[in-house]
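Residue-level listing of the chains:
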Amino acid sequence: MSDFIHNFWSVYITAITLGGIFACALLLWATSRKKVAASADNTTGHVWDEDLREMNNPLPLWWVGLFILTILFSFAYFYFYPGLGTAAGSYGWTSSGQYQQEVAKANEALKPLYAKYDGRPPEDLAKDPKAMAIGERLFMNHCAQCHGSDARGSKGFPNLTDADWLYGGTPDKIKETLTQGRMGVMPPMAAAVGTPDDVKNVAHYVLSLSGSPHDSLRASLGKSKFGACAACHGNDGKGNQAMGAPNLTDKIWLHGWGEETIVSMVNNGKTNQMPAQKDRLTESQIHVLTGYVWSLSNR
Amino acid sequence: MSEDPLRKTIPIQPVTADGEMVSLYAASKKIYPRTVQGLFARWRWGFVFLTQLVFYGLPWIEWGQRQAVLFDLGARRFYVFGLVLYPQDFIYLTGLLVISALALFLFTAVAGRLWCGYACPQTVYSEVFMWIERKVEGDRSARMRLDEADFSLEKLVKKWYKHILWIGLSIWTGFTFVGYFTPIRDLGLAFFTTQMGSWEVFWVFFYGFATYGNAGFMREQVCMYMCPYARFQSAMFDHDTLIVTYDPQRGEPRGARARKADPKAMGLGDCVDCTLCVQVCPTGIDIRNGLQYECIGCGACIDVCDTVMDKLGYARGLVKYTTQNAIDHQWTSQQTWRRVLRPRVLIYSAILLSLCVGLLVSLGLRQTLKVDVIRDRASLARITEYGTIENIYRFQFMNATEEIQRYRVRVSGLEGIEVRDLPEVEVGPAESRGVVVHADIPYGSASAGSHKILFAIESIDGRSSIQEKSVFLVPR
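Residues numbered from 1 in each chain as written. Chains lettered and ligands numbered in written order. Predicted model: local features only at pLDDT ≥ 70, side-chain atom pairs only at ≥ 80, totals over all residues. Heavy atoms only, no water.

## Observations concerning the interface of chain A and chain B
Residue-level contacts link 32 residues of chain A with 30 residues of chain B. Both sides of the chain A and chain B interface together cover about 2900 Å² of buried area, and 57% of this is carbon and sulfur. At the junction of chain A with chain B, the criterion picks out one salt bridge. When residues of the side of chain A that touches chain B are traced back to their parent elements, those giving at least two are helix 1 (7-33), strand 1 (35-37), strand 2 (43-48), strand 4 (59-60), helix 2 (61-80) and helix 6 (144-147) of chain A. When strand 4 of chain A meets strand 2 (residues 25-26) of chain B, the two strands line up parallel, connected through two bridges. (Contact = heavy atoms within 4.5 Å. Buried area = accessible area lost by both parts, 1.4 Å probe. Salt bridge = Lys/Arg side-chain N within 4 Å of Asp/Glu carboxyl O. Helix = DSSP H or I, 4+ residues; strand = E, 2+ residues; numbered from the N terminus. Pairing = 2+ DSSP bridges.)

Structure representation (structure tokens):
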């Protein structure tokens, strides 16, 4: 796809490029036909500052030969590679294409390295120090930016070393999370809950579920309004791993603790995404990474 | 003359129309340097042996389990005998290059193009290739005759033999060059079992081809047209630089004469116009025209003129190493040599000496441990279940020794700050390893904001110890 808004520019560039090369060739041809008078002392004849003269030696023919070679090379180059406006060149080379090729080549080279880990279950890989070293490096390069170098996460990014899982912590579920990614959506529920006061009450009820400090009166008032939440979080508030709805009875607060945070969650909802790795990592790499992530919470 | 002394008319001499018409381009004429023996020839050959002994010999020296001099680009480790250098140590290469440049300025200021005439690979390899050419095709006249002769079996055989020897030496040179980057013994084995990597093959032949082309064919064309050094050398000379010059006051007017004749009586100078100085010159110039940029300062003309002077019983040194001032002022040898230690030379020497000492001291005092500390950006700070505020760091340990090392990490800079859960870090020989480090402070012990802290990393045996600054963030 051309970045130019009009075909004129492509033609313009082609004309200048080819014109320039032709001009060089013409210059070479014209000067090689030119003859000059040689002076007796091989100088140009001018004298500066009483005794400074300029020699007038001919340029060596090997230099001319190299020049001709560069001209021929440029024609060959423009036939094979892009450069003349929007012409793609007969190789169809693009920098993104080259990148794809390099990635494919690198993955091919890595295949034998990963082959020995491919068939083994992730629990097995967790015991293999070499596999874990590879997993650690993969983690540092691809996961640590969000989940932290020690995998303990931060606000909004889950702690992978604990036993708490939004979508399930079995090796299969972890692999699924890595491959497909996750999109956790909590819709704004304020309308379903009721008035702002109702929302506050529900927040205190939620706090009471985990044994956190709360206002008991508000909590008992909020219990009846929790029905709107139970659809995803369950009647007991223990969450639903099929939907990625968090367990509200534990002490893990991914998006922050406290009444204000919970109220704002109910009012505004929350979307949290784990990017899919299937287009960035090969299956073998995801397999080793699964073993590593599983090992973090199963030491 | 009624001329304003501040204005000068420069006469323009028009080119006479009776000069022949020549093209702007011309094939370069092949130069057949004549064989020469003498002091400077011995020096030149001495340097050929010295430089090539080092170049061809160094990759074969072993140091323990590995090659002594190896630049492992793939693993990014550069081994020079006992030293293990990382890319982070490139400052030493910079230092070496600065020292090389200064050394060049120094000896060029003293004695002109010493590099060109004695040490430059172009000169050295051309000398070796010309030696091979002489051995196969004969001396100057024999070579000229062979080139002009018609095609014959003898000519074919000699030319082929010469080129095969040249190509063989070129490939050996290319192979040696690649042997600095891939262990040369393994490279040799790979060559004979046809297991050499494609890039290795490419570089062996590329460098070999460059050697073959430059030393076999281009020779003085490199010095005359390609090398920038030839052009800016003259900028480094001054009137006290020793250069190869012809003494016109002694030599002119030149002319042939009988051996026993008295030149002064004939009104002739010492130069007999034998043109041997032109015949031995590898760049094909006539030194009697004075200092020229093509002159590489090899001293062949000095050697050959001295032999002629000896034969005629005249004093040596009609062509000799001398300075412009010595010629202008007719100085004695002693006066000339006293000017060698002039301010410019002394200043260069002083700077060069201090830089050399500086580089050696710096290398000697170098810590064989490097650590890069990178604070985790994604998590600003963390409140842990132990009631502490925690920051996470990635440490990259770079072990520049060839033994396994164990390191301890300590931190200071905030009250109560400590490294959590990190007993010892083990790093393999010449290994670079990443480790995650936690620094904790008691909750509420520091104000909100950014605090400067200091990590102290020490090897268990106490031999290396470094400090790295970092930052600890306490959230509001």
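## Comments concerning the side chain of Asn201 of chain A
Tracing the sequence through the fold places Asn201 of chain A in helix 9 (residues 196-209). Residues within four places of Asn201 of chain A in sequence aside, it is in contact with Arg218, Ala219, Leu221 and Gly222 of chain A.

## Looking at the pattern of salt bridges
Two side chains with opposite charge may pair up if their charged atoms get near one another. Residue and element names in this part refer to chain B. Evaluation of the coordinates by the stated rule reveals 36 salt bridges over all chains. The shortest N-O distance in the salt bridge between Glu402 and Arg66 comes to 2.8 Å. Pair noted here: Glu402 is in the loop between strand 12 (388-399) and strand 13 (405-412) and Arg66 is in strand 4 (residues 66-67), with a separation of 336 residues, a long-range link. The exposure class assigned to Glu402 is partly exposed, which follows from its relative accessible area of 34%. By relative accessible area, Arg66 is classed as buried at 12%. (Buried < 20%, exposed > 50% of the residue type's maximum accessible area, 1.4 Å probe, protein only.)

## Quick notes on the confidence of the model for chain B
Here chain B averages 91 in pLDDT, while 97% of its residues score no lower than 70. On the interface metric, ipTM, the complex scores 0.78, and its pTM is 0.83. (pLDDT = per-residue confidence, 0-100.)

## Observations regarding helix 9 of chain A
Residues and elements named next belong to chain A. A rise of 1.5 Å per residue sets the reference length of helix 9, with its 14 residues, at 20 Å; its end C-alpha atoms lie 20 Å apart and thus fit the reference within 8%. The complete set of buried residues in helix 9 reads Asp198, Val199, Asn201, Val202, Ala203, His204, Tyr205, Val206 and Leu207. Considering only its buried residues, helix 9 is in contact with helix 8 (190-193), helix 10 (216-223), helix 11 (227-233) and helix 12 (259-268). Looking one or two residues past helix 9, Gly211 carries a phi angle of roughly 75°, positive in sign. (Expected span 1.5 Å × (residues − 1).)

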